[in-house]
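# Coordinate inspection notes
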Amino acid sequence: MKKRILTGDRPTGKLHLGHYLGSLENRVKLQDEYDTLILVADIQALTTNWENPEALAVDVRQAAEDNLAVGVDPDKVTFVVQSMIPQIAELTVLYSNFVSVNVLRHNPTIKSEAAQRGYNDLMYGFLGYPVSQAADITFCKAHVVPVGEDQVPHLELTRKIVRRFNELYKPVLIEPEALVGRVGRLVGLDGNAKMSKSMGNCIFLSDDTSEVLNQVNKAVTDPARIRASDPGHPDICTVYAYHLAFNDVEKEDIAERCRGGLIGCVACKKRLAGVLNDLLEPVRERRDELKKHPGRVDEILRAGTAKALLLAEETMREVREALQIAYFS
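Our subject in this report is the structure included herewith. Since the structure is predicted, the reported quantities are computational estimates derived from the model, not experimental observations. (Residues numbered from 1 in each chain as written. Predicted model: local features only at pLDDT ≥ 70, side-chain atom pairs only at ≥ 80, totals over all residues. Heavy atoms only, no water.)

### Let's talk about the packing of helix α3 (residues 56-69) against helix α14 (residues 296-323)
How we decide: Angles run from 0 to 180 degrees between N-to-C directions of axes, and those axes are lines fitted to C-alpha atoms, restricted for helices to the stretch in contact. Helix and strand definitions here come from DSSP, where helices need a minimum of 4 consecutive H or I residues and strands a minimum of 2 consecutive E residues; each element is numbered from the N-terminal end. In what follows, roughly perpendicular refers to angles from 65 to 115 degrees, roughly parallel to angles under 35, roughly antiparallel to angles over 145, and oblique to any angle outside these ranges. Working rule for contacts: check all heavy atoms of both residues, and any pair within 4.5 Å makes them a contact. Residues are sorted three ways: Asp, Glu, Lys and Arg are charged, Ala, Val, Leu, Ile, Met, Phe, Trp, Tyr, Cys and Pro are nonpolar, and all the rest, Gly among them, are polar.
Remark: α3 packs on α14, axes separated minimally by 10 Å, with the N-to-C direction vectors making an angle of 95 degrees. On the basis of their axis angle, the class for α3 and α14 is roughly perpendicular. Of α14, the residues touching α3 (which contributes Val60, Arg61, Ala64, Glu65 and Leu68) are Val297, Asp298, Ile300 and Leu301. Here the residues of the contact of α3 with α14 sort into six nonpolar, no polar and three charged.

In structure tokens form, the structure reads like this:
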């Protein structure tokens, strides 16, 4: 049987090219090799947006639609809505007995995101979401979790929880392995370290051709270049960073011509917009096909979640028996 992968998204709005490079592209490649579950982590979205739950109805569907549009096949992949799997919440409570508050406070992901958001007094849900992630990964007995190299220590908490449970009670849980892929962090169009919807520095997977061109034209370039004939420095140019990520055929030629003052920034941006629109055209076609079938996304989410519930029920049956709390079975 195929090994099982668990991956997913926090539904906080439309997905962009940074998400594509970092995870979506790889999901399409891996869906034939692994039994893949994609978790739409709506409960985790609430840990940073608990005051505005009304956005989730749209965002959950948007996350699924963006995945389907890039080529994730619902006949090969199982989509799961996190909040509709109560066993995840049950596992989260059980696992919380194995994790100290100090460990969570010193978790590098928690510290980094808390600093970015200006959190001084951490909510319990936010502080404990790495424990919830352990429940996400183990409810379906995932063997593999795709991560960037910087996230490997984060996955180690899940591995520690699984080892502790199996040692204390009974070896019923699977200790997941990290699948480290190409790190796909894409800088924002404004040169900031990260694409962000709130900063307006990204290209969404749902953008049309004119919007892609409009956004690319706003991108910052080599500040030392004044005239098209001036020698450029592609290594510090945001536009060239996108050529590196998405224009494998021409990237070396563009860098050479830039350094020699043989291509100006306007022409370089026009070429990039063409490459990105070529990439996104089949994504648009799949999205248009989805639009022709209202309710199709909901059907996929319901069917996948129902399938995942069966996995979750079996895991919890084994967990309760291991804990000796299956009193009436």
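Read on for the rest.
### Quick word on the pattern of salt bridges
Operational definition: Within this document, salt bridges are pairs made up of a side-chain nitrogen of Lys or Arg and a carboxyl oxygen of Asp or Glu, the two lying within 4 Å of each other. Burial classes follow relative accessibility: with a 1.4 Å probe on protein chains only, a residue under 20% of its type's maximum area counts as buried, one over 50% as exposed, and anything between as partly exposed.
Here the structure, examined in full by the defined rule, presents 27 salt bridges. With a closest N to O distance of 2.6 Å, Arg163 and Glu175 form a salt bridge. One end of the pair, Arg163, is in helix α9 (residues 152-168); the other, Glu175, is in the loop between α9 and β5 (177-180), with 12 residues separating them in the sequence. Arg163 gets classed as partly exposed once you look at its relative accessible area, which sits at 27%.

### Brief notes about the nonpolar core
Side chains of a nonpolar character, in soluble globular proteins, are inclined to be buried together. Let me state the cut-off plainly: Buried residues of nine kinds, namely Ala, Val, Leu, Ile, Met, Phe, Trp, Tyr and Cys, make up a nonpolar core once their side-chain atoms join them within 4.5 Å.
Ranked by size, the top nonpolar core spans 47 residues in total, and within it Leu17, Phe79, Ile203, Leu205, Phe246, Leu276 and Leu301 carry the most contacts. Ranked by residues supplied to this core, first place goes to helix α13 (residues 265-291) with eight residues. Ignoring sequence-local partners within four residues, the contact set of Leu276 consists of Leu17, Ile203, Val212, Val216 and Phe246. The next biggest cluster of nonpolar side chains, apart from the first, holds 40 residues, and it includes Leu37, Tyr95, Val99 and Leu155.

### What about the environment of Ile137?
Locating Ile137 in the fold gives a position in helix α8 (residues 129-138). According to the relative accessible area criterion, Ile137 is buried, its value standing at 7%. Those residues in contact with Ile137 that sit more than four places away from it in its chain are Leu6, Ala142, Val145, Leu155, Thr158 and Pro176.

### As for a nonpolar patch on the surface
Heads up, the condition is: Each patch is built from residues that are more than 30% exposed by relative accessible area and take part in no salt bridge. Like charges join if they lie within 9 Å; nonpolar side chains (Val, Leu, Ile, Met, Phe, Trp, Tyr) join within 5 Å. Reported accessibility uses the Shrake-Rupley method at a 1.4 Å probe radius. Residues are deemed covered only where the shown protein chains occlude them.
Side chains of Ile325, Tyr327 and Phe328 sit close together on the surface and give an oily, nonpolar patch of about 420 Å² of accessible area. Phe328 sits in the exposed class, given a relative accessible area of 83%.

### A few points about the side chain of Lys269
Put simply, the rule reads: For this count, His and the chain ends are skipped, Lys and Arg are scored as positive, and Asp and Glu as negative. Think of a polar contact as two N or O atoms within 3.5 Å of one another; within protein, one of them needs to be a possible hydrogen donor and the other a possible acceptor, and neighboring residues in sequence only count if both atoms come from side chains.
On the secondary structure map, Lys269 appears in helix α13. Buried and without a salt bridge, Lys269 has Asp222 as its closest oppositely charged side chain, separated by 12 Å. Here Asn217 takes part through its backbone oxygen, which lies 2.9 Å from a polar atom of the side chain of Lys269. Setting aside anything within four residues of it in sequence, one finds Lys269 in contact with Val216, Asn217, Lys218, Ala219, Thr221 and Val239.

### Some words on the pairing of strand β2 (residues 35-40)
The condition is simple: Strand pairing is defined by DSSP finding a minimum of two bridges between the two strands. Handedness rule for crossovers: strands pointing away from the viewer, path from the first strand over the helix to the second running clockwise, crossover right-handed.
With six of its six residues buried, β2 lies for the most part within the structure. The alternating pattern of β2 places Asp35, Leu37 and Leu39 on one face and Thr36, Ile38 and Val40 on the opposite face, and all of these are buried. Here strand β1 (residues 4-9) runs beside β2; their pairing, made up of six bridges, is parallel. From the neighbouring strand, Leu6 faces β2, where its bridge partner is Leu37. Remark: the β1/helix α1 (residues 17-30)/β2 crossover connection has right-handed handedness. Of the pairings in the sheet, the one linking β2 to strand β3 (residues 77-81) comprises five bridges and is parallel in character. If you follow Thr36 over to β3, its bridge partner there is Val77.

Take it as geometry only, folks, not as evidence of what the structure does.
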